[in-house]
Amino acid sequence: MVNHVLVPMDDSPLAERALEFVLDVHADAELTVLRVIDYVEESYGAEILVGPETIRQRAADKAEELFDEVRERAADHGEEVRTVTEFGKPSRVIPEYAAEHDVDLIVMGCHGRSLLSRVLLGDVAQTVVREAPVPVTVVR
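This is a predicted model, so every value here is computed, not measured. (Residues numbered from 1 in each chain as written. Predicted model: local features only at pLDDT ≥ 70, side-chain atom pairs only at ≥ 80, totals over all residues. Heavy atoms only, no water.)

### Describing the overall build of the chain
Here's step 1: From N to C terminus, the chain includes six helices and five strands.
Here's step 2: Listing each helix as α and each strand as β along the chain from the N terminus yields β-α-β-α-α-β-α-β-α-α-β.
Here's step 3: By the burial criterion, 41% of the 140 residues in the chain qualify as buried.
Here's step 4: The contacts of the chain with a sequence gap of at least 6 include a subset with a gap of at least 24, amounting to 73%.
Here's step 5: By element, 48% of the accessible surface of the chain is carried by carbon and sulfur atoms, the whole surface being about 7800 Å². (Helix = DSSP H or I, 4+ residues; strand = E, 2+ residues; numbered from the N terminus. Buried < 20%, exposed > 50% of the residue type's maximum accessible area, 1.4 Å probe, protein only. Contact = heavy atoms within 4.5 Å. Areas by Shrake-Rupley, 256 points an atom, 1.4 Å probe, with all protein chains shown as cover.)

Take a look at the structure:
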């Protein structure tokens, strides 16, 4: 039985599809949406050289905007959602979070990063499938 579902979320359409899948298929489960902020990936989008606090604040602001949209979507389905922001490498943070918070299932999009990021850092979904302590559903 699936009691707690973790949806790692970025601003990609596939992450949105993963959220919709959970809201439709696992409506009775506790839902946690996790935004993992990777300093390296965030710095790719920096137009000028800025310090780590600026990058952190900009990423946290983007995460909160994303969470507002997630809460609205969940409310449209009559559901509540817990939102969490973590900092680090997503492929490492997602399995660790699942292990530490009694998650029964991870549902995520098959890719959300840019091509350059996937080439340099590896595919997050592939690593999560390999490293997660619980089943992973990958939405395409």
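### Concerning the pattern of salt bridges
Here's step 1: Applying the stated criterion across every chain yields a total of five salt bridges.
Here's step 2: Between Glu16 and Arg73 there is a salt bridge whose closest N-O contact spans 3.6 Å. One end of the pair, Glu16, is in helix α1 (residues 13-25); the other, Arg73, is in helix α3 (residues 52-76), with 57 residues separating them in the sequence.
Here's step 3: As a salt-bridge pair, Arg71 and Glu64 come within 3.1 Å of each other at their nearest N and O atoms.
Here's step 4: Via salt bridges that share partners, Glu16, Glu20 and Arg73 belong to a single interconnected network. (Salt bridge = Lys/Arg side-chain N within 4 Å of Asp/Glu carboxyl O.)

### A few points about unusual backbone geometry
Here's step 1: You will see that Asp102, though not glycine, has its phi angle at about 50°, which is positive.
Here's step 2: In this structure Asp102 comes out as exposed when scored by relative accessible area, which is 65%.

### Looking at the packing of helix α4 (residues 90-100) against helix α6 (residues 124-131)
Here's step 1: As a packed pair, α4 and α6 sit with axes 9 Å apart at the nearest point and diverge in direction by 35°. α4 and α6 meet at a crossing whose hand is right-handed. Residues Pro90, Ser91, Ile94 and Pro95 of α4 touch α6, and the partners they reach there are Val124, Thr127, Val128 and Glu131.
Here's step 2: Here the contact of α4 with α6 is composed, by residue class, of five nonpolar, two polar and one charged. (Axes fitted to C-alpha atoms, helices over the stretch in contact; angles between N-to-C directions. Left-handed = near helix turned anticlockwise from the far one by under 90°. Nonpolar A, V, L, I, M, F, W, Y, C, P; charged D, E, K, R; others polar.)

### Considering a negative patch on the surface
Here's step 1: Where like charges cluster on the molecular surface, the negative patch consists of Asp11, Asp61, Glu65, Glu69, Glu72 and Asp76.
Here's step 2: Along the chain, Asp11 turns up in the loop between β1 (4-8) and α1. (Patch = residues over 30% accessible without salt bridge, like charges linked within 9 Å, V, L, I, M, F, W, Y side chains within 5 Å. Lys, Arg positive; Asp, Glu negative; His and termini not counted. Charge placed at Lys NZ, Arg CZ, Asp CG, Glu CD.)

### Brief notes about the environment of Glu20
Here's step 1: Structurally, Glu20 is set in helix α1.
Here's step 2: Sequence separation between Glu20 and Val70 is 50 residues, and the spatial gap between their C-alpha atoms is 9.8 Å.

### Here's the deal with the nonpolar core
Here's step 1: Of all hydrophobic cores here, the largest spans 22 residues; its most connected members are Val5, Val7, Met9, Leu19, Leu31, Val33 and Val107.
Here's step 2: Mapped by element, the contributors of at least two residues to this core are β1, α1, β2 (30-37), α3 and β4 (105-109).
Here's step 3: Beyond its immediate chain neighbours, meaning those up to four positions away, Val107 contacts Val5, Leu6, Val7, Pro8, Ala18, Phe21, Val22, Thr137 and Val139. (Core = buried A, V, L, I, M, F, W, Y, C linked by side-chain atoms within 4.5 Å.)

### Some points on the confidence of the model for the chain
Here's step 1: Across the chain, the average pLDDT comes to 86, with 81% of residues at or above 70.
Here's step 2: Per-element mean pLDDT across the chain ranges from 51 in helix α5 (residues 115-121) up to 98 in β1. (pLDDT = per-residue confidence, 0-100.)

### So, the side chain of Thr32
Here's step 1: Looking at the secondary structure, you find Thr32 in strand β2.
Here's step 2: When its relative accessible area of 0% is taken as the criterion, Thr32 is described as buried.
Here's step 3: Side chain to side chain, Thr32 and His4 meet in a polar contact 2.7 Å long.
Here's step 4: Those residues within four positions of Thr32 in sequence are excluded, and the remaining contacts are His4, Val5, Leu6, Val7, Arg82, Val84 and Tyr97. (Polar contact = N/O pair within 3.5 Å; in protein donor to acceptor, adjacent residues only side chain to side chain.)

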